[in-house]
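# A look at the structure
Here is what each chain is made of, one letter per residue.
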Amino acid sequence: MKIGLLTSGGDCPGLNAVIRGAVLHGIKTYGHEFVGFRDGWRGVLEGDIMDLPRTRVRGLAREGGTILGTSRTNPYSGPGGGPENIGVMLERHAVDAIVAIGGEGTLAGAKRLADAGLPVVGVPKTIDNDLQATDYTFGFDTAVSIATDAMDRLRTTGESHHRCMVAEVMGRHVGWIALHSGMSAGAHAVLIPEQKVSMDQVCAWVQEVYDRGRSPLVVVAEGFIPEDREDVLAGKGTEADGRPRLGGIGEYVTQEIERLTGIETRNTTLGHIQRGGAPTGFDRVLATRFGMSVVDLVHEKQWGRMVAIRGTDMVRVDFAEALEGLKTVPQDRWDEARVLFGR
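Remember, it's a predicted structure, so these values are computed and weren't measured experimentally.

Right, let's talk about the overall build of the chain for a bit. Assigned secondary structure in the chain consists of 11 helices and 11 strands. A compact globule built from 343 residues would reach a C-alpha radius of gyration of about 20 Å, and the chain, at 22 Å, matches this within 12%. Here the C-alpha coordinates of the chain stretch approximately 70 × 35 × 30 Å along the principal axes. When burial is assessed residue by residue, the chain has 54% of its 343 residues classed as buried. Intrachain contacts of the chain at a sequence separation of at least 6 include 73% that bridge at least 24 residues. As displayed, the chain has an accessible area near 14,000 Å², and 46% of this comes from carbon and sulfur atoms. Distance between charge centres in the chain, computed from 38 positive and 45 negative side chains, equals 5 Å.

Structure (structure tokens):
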């Protein structure tokens, strides 16, 4: 079989490890041939293809980013979109299957194509760890590690100057990165999209810590909405796919803390630094296993499905199961973390 791989949506550490795992397993175990579509679904729509021999994937597991490039192109957009046109492209290039590596948007498009009869399978990819049907997604552990390291550094400078420090991390709709990195760094408050908290409460936690002679650390996810506001802060235009470009909540929280408490407060937005660089060992292993498992899925022609991890086991699930809504931080996890706030 000739299998085409694509990486779509936001980049995250581990994408290259998926590609390497798929290519090596597919060639060595089954004798399959591999190609890559450049820049996600754009490469599929335009037939922009590159060969992926074994020599091309050597050493890829430790590299960040994606050698295939990525975009937020919709497979149903433009003159080359839709199952009929994509089917013609696959036949023209003798490609027998598509492996879509991406998050909710990517997998939703893959599901539509599979439902229309095209040979499509998926690998879950979201740095926010917000996809249903899988316990973890690669890139999340790396993002948490990077954020934790940054917060450890912020705490030392905060303690030196007797300041409150605010760290804004990724998390448009869910707060997994904020929760895990905040708990790991010993933050005194963690603010996530799933929980509305008043600035008065945030300031009470900050003041409690400051009064003990400590320098407070507040972690806020970019999609957090304070209790007295209706919408996320997004005054920086829109993304290419039309979504509002988030940003500014860290600065807002900083200004409010300083205004309400009088405590000198500084903020740092980690932004794309969380996406960059080499993946952690955990993410390298997880991504490699995903890549190997999805080739087995293709070999058995189980179209319309994706690989996932449950506990330590690789499993297979229908696209629909992964698209039943975002995997949000449950109330009990928030309550567990909240015990530590202000302490």
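We now examine the environment of S293. Checked against the element boundaries, S293 lands in helix α9 (residues 281-299). A sequence separation of 251 residues divides S293 from R42, and the C-alpha atoms of the two residues are 25 Å apart. Once residues lying within four places of it in the same chain are set aside, the contact partners of S293 are V307 and M314.

Another aspect to go through is the sheet that holds strand β8 (residues 217-221). The sheet built from 4 strands is open, its strands ordered β7-β8-β6-β9 with parallel pairing. Single-partner strands in this sheet number two, and they are β7 (189-191) and β9 (265-269). Across the sheet, the mean angle separating the axes of adjacent strands is 15° when strand polarity is ignored. The pairing of strand β6 (residues 164-169) with β8 spans 5 bridges and is classified as parallel. Its bridge partner being in β8, M165 is matched across the sheet by L217.

Evaluated as defined, the whole model comprises 5 aromatic pairs. Considering the side-chain rings of Y136 and F282, the 6.0 Å spacing of their centres and the 75° angle between planes classify their relative orientation as edge-to-face. You can see Y136 sitting in the loop between β5 (120-124) and α5 (140-161) and its partner F282 sitting in helix α9, a full 146 residues away along the chain. Its relative accessible area of 33% is what places Y136 among the partly exposed residues.

The next point concerns the domain arrangement of the chain. Here the chain is described as being made up of domain 1 (1-132 + 278-320) and domain 2 (139-274). When each unit is reduced to the centre of its C-alpha atoms, the spacing between domain 1 and domain 2 is 33 Å. Contacts between the two partners involve 12 residues from domain 1, matched on the other side by 15 residues from domain 2. For the pair domain 1 and domain 2, the summed buried area comes to about 1,100 Å², and 58% of that belongs to carbon and sulfur atoms. In terms of surface lost to domain 2, no three residues of domain 1 exceed R72, I127 and D128, which account for 49% of the buried area on that side. Connecting domain 1 to domain 2 are 0 salt bridges. Connecting domain 1 to domain 2 are 6 residue pairs in polar contact (both at pLDDT 80 or more). Here the residues of the side of domain 1 that touches domain 2 sort into 6 nonpolar, 2 polar and 4 charged.

Another aspect to go through is a nonpolar patch on the surface. On the surface, M183, V339 and L340 cluster together to form a nonpolar patch covering roughly 250 Å² of accessible area. A relative accessible area of 46% places L340 in the partly exposed class.

With that out of the way, let us pick up the UniProt feature "binding site: Mg(2+)" (unreviewed entry) in the chain. Feature annotation in UniProt places "binding site: Mg(2+)" (unreviewed entry) on E104, given in this structure's numbering. In this fold, E104 is placed in helix α4 (residues 104-115). Not counting residues up to four positions away in its chain, the partners in contact with E104 are L131, L323 and L326.

Once that is clear, we can look at the pairing of strand β1 (residues 2-7). With 6 of its 6 residues buried, β1 lies for the most part within the structure. Here β1 shows no split at all, with K2, G4 and L6 on one side and I3, L5 and T7 on the other all buried. Relative to strand β2 (residues 33-37), β1 is paired through 4 bridges, and the arrangement is parallel. Note that in β2 the partner of I3 across the bridge is F34. Each parallel crossover has a hand, and for β1 linked through helix α1 (residues 15-30) to β2 it is right-handed. In this sheet, strand β4 (residues 97-102) lies alongside β1 in parallel orientation, the contact comprising 5 bridges. Considered in β4, the bridge of T7 is made with I101.

Mapped onto the secondary structure, D130 falls in the loop between β5 and α5. Of the side chains with opposite charge, K327 comes closest to the buried, unpaired D130, at an N-O distance of 7.6 Å. Polar contacts involving the side chain of D130 include one to the side chain of T126, which spans 2.9 Å. The contacts of D130, once residues within four sequence positions are left out, are V174, L326 and K327.

Criteria and cut-off values
Residues numbered from 1 in each chain as written. Predicted model: local features only at pLDDT ≥ 70, side-chain atom pairs only at ≥ 80, totals over all residues. Heavy atoms only, no water. Helix = DSSP H or I, 4+ residues; strand = E, 2+ residues; numbered from the N terminus. Rg over C-alpha atoms; globule rule 2.2 N^0.38 Å. Buried < 20%, exposed > 50% of the residue type's maximum accessible area, 1.4 Å probe, protein only. Contact = heavy atoms within 4.5 Å. Areas by Shrake-Rupley, 256 points an atom, 1.4 Å probe, with all protein chains shown as cover. Lys, Arg positive; Asp, Glu negative; His and termini not counted. Charge placed at Lys NZ, Arg CZ, Asp CG, Glu CD. Pairing = 2+ DSSP bridges. Axes fitted to C-alpha atoms, helices over the stretch in contact; angles between N-to-C directions. Phe/Tyr/Trp six-rings, centres within 6.5 Å; stacked < 30°, edge-to-face > 60°. Domains from an automatic or database assignment. Buried area = accessible area lost by both parts, 1.4 Å probe. Salt bridge = Lys/Arg side-chain N within 4 Å of Asp/Glu carboxyl O. Polar contact = N/O pair within 3.5 Å; in protein donor to acceptor, adjacent residues only side chain to side chain. Nonpolar A, V, L, I, M, F, W, Y, C, P; charged D, E, K, R; others polar. Patch = residues over 30% accessible without salt bridge, like charges linked within 9 Å, V, L, I, M, F, W, Y side chains within 5 Å. UniProt positions renumbered as here; feature names shortened; annotations may be inferred. Right-handed = clockwise from strand over helix to strand, strands pointing away.

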